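This is what each chain is made of:
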Amino acid sequence: MRGRTWIIGSRESRLAVIQSEMIRDAILERHPQDRVEILTMKTTGDMILDRTLDKVGGKGLFVKELDRALLDGRSHLSVHSLKDMPMELPESLPLLAFSKREDPRDALILPKGAAELDRTKPIGCSSQRRILQLKALYPDMEFKSVRGNVLTRLSKLDTGEYSALVLAAAGLKRLGLEERISRLFEPWEVIPAAGQGILAVQGRADMEYPCLEGYGDEDAACEARAERAFVRYLNGGCSSPVAAFSRCQGEEILVRGLYYDEQTGRFQTGSITGKREEAEALGKSLAARLKEECAKKEQKA
């Protein structure tokens, strides 16, 4: 029986294509009669590399062109790193499925051949979330923005611009670059970005997707709901140093988060545990508690 042809929209970067190929292979494994093609495109976020994301419009810059291709019918699916997805999505373009989670941790990468940090050069890191937490671990280090895809950033590191980079372990592993990792930061040291390590498959609300039957990880979906609810409650986008990480443990879920008050510069971390079916409510509850604790600290100061 002849199947359907599905077109996946993807950013042009090597990592984005690999991630789209992972979803393609998962579809073909379950539905070998179907065909899957990958349509690559350059997004606005890929083209503006001389400014940090918070200065040019945040996460939406990486999905705008992919969204347009979905709505135009040039593609049927888009594959994203969930951590790069805006918290508010149009109802017409829902998230359909989540991959099994890859390593959610952040990683430190040293230049090729280096055994330790060069204290005379900055750590390359564009995320305020990371910088805020890394300053506690490296109080004597300077941090400097670095943009571009993973391979571009590694090239800048190896040519001597930085003493190290901090990147998501998941992307490095998917690129086959795990050997570049010098150390991994546990989630209680550096809380990851919401959704880090999870791939999100997005589609159109007016289409049916039999190709995704049997695909999707329940734990990842539950963790995604908790983390995105935490960030959404705090109205955190790409520029807000807000972090959330959760882990399903049987029928329970642990949610850990970081809230930063931009007015006062204070931040608060904490965690909450509850039933996994209450994932979203737990994320919101933790966000509200951390915001309140931060405010109380300010009143006492």
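Quick caveat: nothing in here was measured; it's all calculated off a predicted structure.

**Q** Explain the environment of Ala205 to me, and be specific about the residues and the numbers.
**A** Within the secondary structure layout, Ala205 lies in the loop between strand S10 (199-202) and helix H8 (218-233). Considered as a pair, Ala205 and Pro90 are 115 residues apart in the sequence and their alpha carbons are 9.6 Å apart. Those residues in contact with Ala205 that sit more than four places away from it in its chain are Glu91, Ser92 and Pro94.

**Q** Pulling in residues and values, what's your account of the packing of H8 against helix H9 (residues 279-300)?
**A** Taken N-terminus to C-terminus, the directions of H8 and H9 make an angle of 35°; their axes are 7 Å apart at the nearest point. As H8 runs across H9, the sense of the crossing is right-handed. Where H8 approaches H9, its residues Cys222, Arg225, Ala226, Ala229, Phe230 and Tyr233 are matched on the opposing element by Ala279, Glu280, Gly283, Lys284, Leu286, Ala287, Ala288 and Leu290. Of the residues in the contact of H8 with H9, the class split is 10 nonpolar, 1 polar and 3 charged.

**Q** An account of the sheet that holds strand S2 (residues 35-41) is requested, with residue identities and associated values reported.
**A** Judged by pairing direction, the sheet is mixed, and its 5 strands sit side by side in the order S2-S1-S3-S10-S4 without closing on themselves. Each edge of the open sheet carries a strand with a single partner, namely S2 and strand S4 (95-98). Here the average twist between neighbouring strands, direction ignored, is 30°. Sheet topology places strand S3 (residues 77-81) next to S10; 4 bridges connect them, and they run antiparallel. Following the sheet pairing, Ser78 is matched in S10 by Gln202. Running over the sheet, helix H4 (residues 64-72) touches strand S1 (5-11), S2, S3 and S10 and is turned about 160° from S3.

**Q** Give a description of the pairing of S3 that names residues and reports values.
**A** For S3, the tally of buried residues reaches 5 of 5 residues, placing the bulk of the element in the interior. The two faces of S3 match: Leu77, Val79 and Ser81 on one face and Ser78 and His80 on the other face are all buried. Pairing analysis gives 2 bridges linking S1 to S3, with the strands arranged parallel. Across the sheet, residue Gly9 finds its bridge partner in S3, namely Ser78.

**Q** I'd like a description of the nonpolar core, backed by residues and values.
**A** Within the largest apolar cluster, 20 residues are counted, with the highest numbers of intra-cluster contacts made by Phe230, Val231, Leu234, Ile253, Val255 and Leu286. The set of elements that each furnish at least two residues to this core consists of H8, strand S11 (243-249), strand S12 (252-260) and H9. With 6 residues, H9 is the largest single contributor of residues to this core. If sequence neighbours within four positions are ignored, Phe230 has contacts with Val242, Ala243, Ala244, Gly257, Leu258, Tyr259, Gly283, Lys284, Leu286, Ala287 and Leu290. Within the second largest apolar cluster, 16 residues are counted, among which are Val146, Leu157, Leu172 and Leu177.

What counts and what doesn't
- Residues numbered from 1 in each chain as written.
- Predicted model: local features only at pLDDT ≥ 70, side-chain atom pairs only at ≥ 80, totals over all residues.
- Heavy atoms only, no water.
- Helix = DSSP H or I, 4+ residues; strand = E, 2+ residues; numbered from the N terminus.
- Contact = heavy atoms within 4.5 Å.
- Axes fitted to C-alpha atoms, helices over the stretch in contact; angles between N-to-C directions.
- Left-handed = near helix turned anticlockwise from the far one by under 90°.
- Nonpolar A, V, L, I, M, F, W, Y, C, P; charged D, E, K, R; others polar.
- Pairing = 2+ DSSP bridges.
- Buried < 20%, exposed > 50% of the residue type's maximum accessible area, 1.4 Å probe, protein only.
- Core = buried A, V, L, I, M, F, W, Y, C linked by side-chain atoms within 4.5 Å.

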